[in-house]
Amino acid sequence: MTSTSSTVTGQGQGTLADQAYRSISERLVTLRIRPGEPINDERIAAELGFGRTPVREALKRLEHERLIVSYPRRGTFATEVQIADLGHISEVRQQLEPLAAGLAAQRADERHRDELGQLLAQLAETPEGGADLIRLDMTLHRAIYAATRNPYLEDTLVRYDNLATRIWCLFIDRLPGLAGHVHEHGPLLRAIIDRDPDKAAALAAGHVEGFEAAIRAVI
């Protein structure tokens, strides 16, 4: 797939720019592209099999989301992970994650509930550790955000979850409770599926608080 048209869609996955965004974002968030590493749009386009136009569109979006930064005459780089940002990120997530969980419990339709049920089953079968667990954590969050049926809230929370996950990945070797942190989503998913917004909101609040406490314990 080498077309440079960013409006071509593929298998219901969005435009080429959307697909490039998801691929590059995953690399940045999980630190496969290390903080401070230079970003070469031509090389990334070749690796992903896209033209440079959708990759450049994706990079503009990623810069807006603070995952990359561009400097005149120097180039584009993955942003550094700033631990000082943990408090700011947590302030936002402590307000919006419970809101999203509560709304998801109220608004999720059958399609969303089926997806959450499948993720709940997958969570029980996922090995404790490694990149698969991190990707599942990201998938779980995104499924909850989508179930709010509020695209503005969804977009905002994806941005902040990405930033929080980068911090998590930076300290992952020093965090003993990775599996437990991810498996906390089990009761949360069940509360959403059972249409219990108060319980879902409370569990989401505890999840965010636990995340920040775990990071601060190893800083």
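Residues numbered from 1 in each chain as written. Predicted model: local features only at pLDDT ≥ 70, side-chain atom pairs only at ≥ 80, totals over all residues. Heavy atoms only, no water.

Visitor: Help me understand the overall build of the protein chain, please; the structure alone is not making it clear to me.
Guide: When you go through the protein chain residue by residue, the secondary structure sums to 10 helices and 3 strands. Taken from N to C terminus, the helices and strands of the protein chain fall in the order α-β-α-α-β-β-α-α-α-α-α-α-α. At 18 Å, the protein chain has a C-alpha radius of gyration in line with the 17 Å of a compact globule built from 219 residues. Principal-axis analysis of the C-alpha atoms gives the protein chain an extent of 50 × 40 × 30 Å. Burial analysis of the protein chain (219 residues in total) assigns 47% to the buried set. In the structure as shown, the protein chain presents an accessible area of about 11,100 Å², 49% of it carried by carbon and sulfur atoms. (Helix = DSSP H or I, 4+ residues; strand = E, 2+ residues; numbered from the N terminus. Rg over C-alpha atoms; globule rule 2.2 N^0.38 Å. Buried < 20%, exposed > 50% of the residue type's maximum accessible area, 1.4 Å probe, protein only. Areas by Shrake-Rupley, 256 points an atom, 1.4 Å probe, with all protein chains shown as cover.)

Visitor: How should the sheet that holds strand β1 (residues 38–39) be read in this particular structure?
Guide: On the basis of which strands lie adjacent, the open sheet formed by 3 strands has the order β1-β3-β2 and antiparallel pairing. Since the sheet does not close on itself, it has two edges, and those belong to β1 and β2 (68–71), each with one partner. In terms of strand pairing, β1 meets strand β3 (residues 75–78) through 2 bridges, oriented antiparallel. Note that in β3 the partner of Pro38 across the bridge is Phe77. (Pairing = 2+ DSSP bridges.)

Visitor: Can you help me understand the pairing of β3 in this one?
Guide: Inspection of the sheet shows β2 paired to β3 by 4 bridges, in the antiparallel sense. Along β3, the bridge assignment pairs Ile68 with Ala78. Adjacent in sequence and paired antiparallel, β2 and β3 are bridged by 3 residues, among which Arg73 carries a positive phi angle near 65°.

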